Each structure stands twice: as C-alpha cells, then as structure tokens.
Amino acid sequence: MDVFTIISVLVFLSAIFGYINARFLKLPNSIGLMLITIVFTLVVFVIGYVDDTLINAERYIITQIDFKSVLLDIMLSFLLFAGALHTNFEQLKVQRWPILVFSTLGVLVSTFLVGTGMYYLLQLLGMNISFIYCLLFGSLISPTDPIAVLGILKKAGAPKKLETKIVGESLFNDGVGVVVFLTIFQLASATEVPVTPLDIIELFGIEVIGGLALGLALGWGTYKLMRSIDDYDIEVIITLATVMVGTLIAQKFHLSAPLAMVAAGLVVGNDTVRNSAMSETTETYVDKFWELLDILLNTLLFVLIGMEMLVLSFKTEYVIAGLLAIPLVLICRYLSLLIPIKFFEKKLDFIPKTNLVMTWGGLRGGISIALALGLSDEMHRDAFLVITYIVVVFSIIGQGLTVEKLIKRVVK
C-alpha cells in the first residue's frame, strides 16, 4: 500500500467509528473511538482464526506507520496549537502559577515516584529491569493528555477555573514531559561518553526556554501579519503556516515544538489579539478551521491507538505489570500534586477535592504510547509498551467514563 491508500483507510475507519459513536454510543470522542476500535480489533482477531486477510492488512497498516514520528513530530504540534487557541487566556493568567508548578515540578516528581515504584514492582514480578529504564517509563506516563481530557471536561460541565487548571497543565506538561523523556533517554543511551549534570541542564534549558521563546515570536509574527490585512481565507492559511513552519524550525534547532505551539496558540488565541487583529468573520473561520482539524486528528489518533493492540506482545508478566501500574500511576500523580495544591488552594480558591479531580481527570493518551514506541529493545520496549497501553486504555475508558460523575459530586 502507498501512503495515500493507508491514509484513506484510516480516515474511512475514523469516519465509520465516529459515526457509530455519534449515532449510537454518544460518548465523548476519545472514549467512544477507543472503545469501538478495541472491539473492532478483537473482532478482527476472531475472524483471523478463519481468514487472516483482514488481520494481515490491518497489521501491515500499523507496521507502516512510524507512530512516534507521526504523533510527536507532526500531529502533536497541530493538536496543541488548536487546544491553546481555544483556552481561556484570562483564566490561564489567573491560574498561571499553579499550572506552571503542576506542569514542571509535578511532572518531575511524578517521573521519579512512578520510576521508583515501577522498579520495585517489576523486581517483585521477577523482571530485572534497570532503574534508569523505569525512570524512562515514569517520564513517558506522567504527562496528561489535553486531547483526551478537554471534551470530557466540557461534557461534564466542570467549573471554568478547574477546567483551566487541568487543560492548562496538560498543554504545558506534554511539552515538559517530552523534554524530560528525551533527557532521560539520552542518559540511558549514553554508553561511551558520560552525560554530565551540566549537559542535562543545557539540554533541558534549550528545549524548554528556546521552545517557549520561539512560540512567542511566532505568535507575535502571526498577530502582526493578521492585523495588517482583512481576508479571512489568507488569515486561516497564515495560522496553518505558523504551525507547520514553526514545527520545522523547532526540529531544526532542537527546541521543543510542543511548547512552541502552545505558546504560539495562546498568543494568537488571546482576546487582545482577537479583538485587534481579527474581524468577526475571520475569528469564526479560524476557530472553525482549527476545531475541524482538531477533531479529524483526534479521531485518527484514537483509531491508531486502538489498532496498536495488533502489534503488541501480550505476555502474562507484562499484563500483570500493566494492571498493577494503574493504581501506582494514579497514587504517584496524587502525591505529585499534593504540595502545590496545598500551597495555592487558599490563595486561588480551589474547589473542594481539587487533587482528587485532577488525579482522576488527568487522562493519559497518545503521547505516552508514542514515547513508549520510541524506546529501543535494550530499554525493554515490548514490556513498557504493553504496560503503557494498559494504563492508557484504563485511563481513557475507566477514568474517562467516570470523571463526569466525580466532578458533579464534588461540585455539588
């Protein structure tokens, strides 16, 4: 199959699964699509015992896609720009300090706690895996996914200040999480030349600060261009060019493209820029274009995540480790948020049980799976991929289906 055929098949499946969800299940897209894709894949498995044509075709499609490259290098930039574009900038400004602490310190603490807990858990299961590789798992599973969480929070009717905290944290901790993962990955890969603490600080600093600086510059440039004309078609194309060219620049200079796109999206989407650079028509077209692109890429993403079942090695010890990792990851997230929430809750009037809601509402998604796919065989890729997949599926379906009830109970 050529690239166009593979994309056509994926878009066709996304359309069919999306229709089934919208027509019959009526679940948030991320949950509905994940559920339908898993059921579809299980049906393909069963049919494969009689005729393996379909299962071989689906396996071929999945093996032809470099999930890590497609998600981290391409899709994530578009998804994070779209998410930031529709984030309430005023609320984000009010909540900026807790969001900053959650998405930096929270990710680092969670990485260490999950990595340490996973190391001892795997030792108990007789899997002798180095601590550094367990830390890698901690870094890839710690970022929460704004793509998975946004639609669910809106449907749940979460208070704006809570929604801003969770979505804002997710937008930034994706970028930070990818940088932390790449930093530990470099440490784990260094065999001949040792990596010094200064190298780590330099890598982390360039990725984070450079990415944010690039994003602010791109956002400002986009604003100036849009302000100088009044043509909604061209202005939509300018925003698209911002994301595509910005991603290429970030990759070229080894900056964090996810953080750059979050910063650019927040600049372009804030009310001051909207009021001074966009006409009412332009604003409508820009919003609708990015909403459509967001939904299309989301749909493709969750179909791909569901289909990943076909290429995983489900060994018994991997599955047990994955099931035990679910409570471990949730407990570590709760603990990593504990101190920041206690520090900020009185100053910013947090809703009751904010920690519980942020723990249960912090869903894992495609970013975690993409990072796990980037592990090498020496890093126990198969084991961590299965563990990650189980945590992500539980997160999207188990937590996603119940977070609305939790929010309604807490808010009341």
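Residues numbered from 1 in each chain as written. Predicted model: local features only at pLDDT ≥ 70, side-chain atom pairs only at ≥ 80, totals over all residues. Heavy atoms only, no water.

### Here's the deal with the domain arrangement of the protein
And step 1. In terms of domain boundaries, the protein breaks down into domain 1 (3–64) and domain 2 (67–411).
And step 2. Listed per partner, the contact involves 25 residues of domain 1 and 23 residues of domain 2.
And step 3. Between domain 1 and domain 2, the buried area comes to about 2200 Å², and carbon and sulfur atoms account for 86% of it.
And step 4. Its largest share of buried area at the contact with domain 2, domain 1 owes to Ile 31, Met 34 and Ile 62, together 28% of the area lost on that side. (Domains from an automatic or database assignment. Contact = heavy atoms within 4.5 Å. Buried area = accessible area lost by both parts, 1.4 Å probe.)

### Some points on the nonpolar core
Taken as a class, soluble globular proteins show a tendency for nonpolar side chains to be buried jointly.
And step 1. The biggest cluster of nonpolar side chains holds 133 residues, and the ones touching the most others in it are Met 34, Phe 67, Met 118, Leu 122, Trp 290 and Phe 384.
And step 2. Sorting elements by how many residues they give to this core places helix α18 (residues 381–411) first, with 16 residues.
And step 3. With near-sequence residues (within four places) excluded, Met 34 lies in contact with Asn 29, Phe 302, Ile 305, Gly 306, Val 392, Val 393, Ile 396 and Ile 397. (Core = buried A, V, L, I, M, F, W, Y, C linked by side-chain atoms within 4.5 Å. Buried < 20%, exposed > 50% of the residue type's maximum accessible area, 1.4 Å probe, protein only. Helix = DSSP H or I, 4+ residues; strand = E, 2+ residues; numbered from the N terminus.)

### A word on the side chain of Arg 274
And step 1. Locating Arg 274 in the fold gives a position in helix α13 (residues 271–277).
And step 2. Within polar-contact distance, the side chain of Arg 274 engages the backbone oxygen of Gly 269 at 2.7 Å.
And step 3. If we ignore the near neighbours within four places in the chain, the residues touching Arg 274 are Leu 85, His 86, Val 268, Gly 269, Glu 283 and Asp 287. (Polar contact = N/O pair within 3.5 Å; in protein donor to acceptor, adjacent residues only side chain to side chain.)

### Remarks on the packing of helix α4 (residues 67–85) against helix α17 (residues 366–373)
And step 1. Between α4 and α17, whose axes approach to 7 Å, the crossing angle comes to 135°. Between α4 and α17, the interaxial angle falls into the category oblique. The chirality of how α4 crosses α17 is left-handed. Across the interface between the two elements, Phe 67, Lys 68, Leu 71, Leu 72 and Leu 76 from α4 touch Gly 366, Ile 367, Ile 369, Ala 370, Leu 371 and Leu 373 from α17. (Axes fitted to C-alpha atoms, helices over the stretch in contact; angles between N-to-C directions. Parallel < 35°, antiparallel > 145°, perpendicular 65-115°, else oblique. Left-handed = near helix turned anticlockwise from the far one by under 90°.)

### Overview of a nonpolar patch on the surface
And step 1. Residues Val 3, Ile 7, Val 11 and Leu 296 make up a contiguous nonpolar surface patch of roughly 330 Å² in combined accessible area.
And step 2. Of all the elements, helix α1 (residues 3–25) adds the most residues to the nonpolar patch, at three residues.
And step 3. The topology assignment puts Leu 296 in helix α14 (residues 280–307).
And step 4. A relative accessible area of 38% places Leu 296 in the partly exposed class. (Patch = residues over 30% accessible without salt bridge, like charges linked within 9 Å, V, L, I, M, F, W, Y side chains within 5 Å. Areas by Shrake-Rupley, 256 points an atom, 1.4 Å probe, with all protein chains shown as cover. Salt bridge = Lys/Arg side-chain N within 4 Å of Asp/Glu carboxyl O.)

### What about the environment of Arg 274?
And step 1. For Arg 274, a relative accessible area of 7% gives the class buried.
And step 2. When the C-alpha atoms of Arg 274 and Leu 72 are compared, they prove to be 28 Å apart, with 202 residues separating the residues in sequence.
And step 3. Side-chain polar atoms of Arg 274 contact the backbone oxygen of Leu 85, separated by 3.2 Å.

### A look at the packing of aromatic side chains
And step 1. Taken as a whole, this structure holds eleven aromatic pairs when the rule is applied.
And step 2. The interplanar angle of 85° and the centroid separation of 6.1 Å between the aromatic rings of Trp 360 and Phe 394 together place this pair among those described as edge-to-face. Of this pair, Trp 360 sits in helix α16 (residues 354–361) while Phe 394 sits in helix α18, placing them 34 residues apart in sequence.
And step 3. What makes Trp 360 partly exposed here is its relative accessible area of 24%. (Phe/Tyr/Trp six-rings, centres within 6.5 Å; stacked < 30°, edge-to-face > 60°.)

### Concerning the environment of Thr 144
And step 1. Relative to the helices and strands, Thr 144 is located in the loop between α7 (131–141) and α8 (146–156).
And step 2. The exposure class assigned to Thr 144 is buried, which follows from its relative accessible area of 0%.
And step 3. Sequence separation between Thr 144 and Met 127 is 17 residues; the distance between their C-alpha atoms is 27 Å.
And step 4. Residue contacts for Thr 144: discarding those within four places in its chain leaves Glu 169, Ser 170, Asn 173, Asp 174, Arg 333, Gly 362, Leu 363 and Arg 364.
And step 5. At a separation of 3.1 Å, a polar atom in the side chain of Thr 144 contacts the side chain of Asn 173.

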